Amino acid sequence: MIEMLKPEVTGTEREGKKEDGAVAIEAKNLSVFYGEHQAIKRVSMKFPKHRVTALIGPSGCGKSTFLRSLNRMNDEIPGCRVEGQIFFQGMDINSPKVNVFEVRKKIGMVFQRPNPFAKSIFENVAFGPKNHGEKDKEKLEYIVETSLKKAALWEEVKDRLHTSALALSGGQQQRLCIARALAMNPNVLLLDEPASALDPVSTGKIEELITEFKKDYTVIIVTHNMQQAARISDYTAFFYMGELIEAGETRQIFTNPKQQKTEDYISGNFG
Ligand SMILES: Nc1ncnc2c1ncn2[C@@H]1O[C@H](COP(=O)(O)OP(=O)(O)OP(=O)(O)O)[C@@H](O)[C@H]1O
């Protein structure tokens, strides 16, 4: 039986308490198919606002597929078909009436491998706002500076904004990709193993950022790393073979899971 992620927050003091209990985004009976193969099986789940939710599970269980469906990134994959609903700001984002570019502006995404454009640092961050019609030079400068500051990259790059983003280190490139998503002023940030290609110091910086982000954003992160999920998330959802097996407060999932499969996974018995 699928356990719904409880939207209410209990007990512990956390940062970003605003809108306790509100739901940022909700999947209802979501199924995703690649041709004949069903990768996600009727998953229903709510993501509380201003919280970090981690999606965990063994390789191939569907974590990335599910994450991508939350901002219609699966539309880009030939042969991929989605059934069910994703409710965000009172709309089903899968409805044909919805403008997918607006959805992705509000629900930003950062991928496993840093993927800056072969342009300057400034142009990478200004790209989205420019594409959405922002032409005012001062406004663009302001957006670039504040986004880079939020991504904790400003101090490292402020003197070379007009040099190539490709000359940055991997960790810096990933923070640039985060700044690029923040420049669109999103409500939700989807992070697909954002630190898995990075060294421990860069990973630590990304984890710190994620913890800060919940003041302003709702964060949903796919991670292979269970210690990382335990460190940074408020809620954890465990997927297995395309099904949501269990979701709840991270502490409960890691110390007192309700399902045997979750217990087996977190104690390293498979995966
Ligand atoms: N583009 C694609 N075309 C066809 N099948 C795909 C595609 N992407 C994923 N799949 C299949 O869908 C299932 C779920 O894959 P997905 O990448 O979502 O899992 P995951 O849990 O994120 O795995 P990992 O942790 O290894 O990244 C797998 O069986 C995978 O082979």
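Described below are features of the structure shown in this document. (Residues numbered from 1 in each chain as written. Predicted model: local features only at pLDDT ≥ 70, side-chain atom pairs only at ≥ 80, totals over all residues. Heavy atoms only, no water.)

We now examine the environment of Gly171. Tracing the backbone shows Gly171 in helix α6 (residues 170-182). On the accessibility criterion, Gly171 (6% relative accessible area) is buried. As a C-alpha pair, Gly171 and Cys80 span 91 residues in sequence and 31 Å in three-dimensional space. Excluding anything up to four places from it in sequence, Gly171 contacts Leu198 and Ser202. (Helix = DSSP H or I, 4+ residues; strand = E, 2+ residues; numbered from the N terminus. Buried < 20%, exposed > 50% of the residue type's maximum accessible area, 1.4 Å probe, protein only. Contact = heavy atoms within 4.5 Å.)

What follows deals with the pattern of salt bridges. For the structure on display, the rule yields 12 salt bridges. Residue Lys105 pairs with Glu102 through a salt bridge whose shortest N-O separation is 4.0 Å. Taken together, the residues span about one helical turn, with Lys105 and Glu102 both in helix α2 (residues 100-106) at a distance of three residues. With a shortest N-O distance of 3.2 Å, Glu141 and Lys137 are connected by a salt bridge. Of this pair, Glu141 and Lys137 are both found in helix α4 (residues 137-150), four residues apart, which corresponds to roughly one turn of the helix. Note on Lys137: relative accessible area 61%, which makes it exposed. (Salt bridge = Lys/Arg side-chain N within 4 Å of Asp/Glu carboxyl O.)

A separate point is the site of the ligand. Around the ligand, the surrounding shell holds 14 residues, and the nearest of these are Ser59, Gly60, Lys63, Ser64 and Thr65. Here a nitrogen atom of the ligand and a side-chain polar atom of Tyr34 are 3.5 Å apart. Contact between the ligand and Thr65: an oxygen atom at 2.5 Å from a side-chain N or O atom of the residue. Within the complex, 63% of the 630 Å² of free accessible area of the ligand lies under protein. Contributions of two or more residues to the shell around the ligand are made by β2 (37-48) and α1 (63-69). (Near = heavy atom within 4 Å. Polar contact = N/O pair within 3.5 Å; in protein donor to acceptor, adjacent residues only side chain to side chain. Areas by Shrake-Rupley, 256 points an atom, 1.4 Å probe, with all protein chains shown as cover.)

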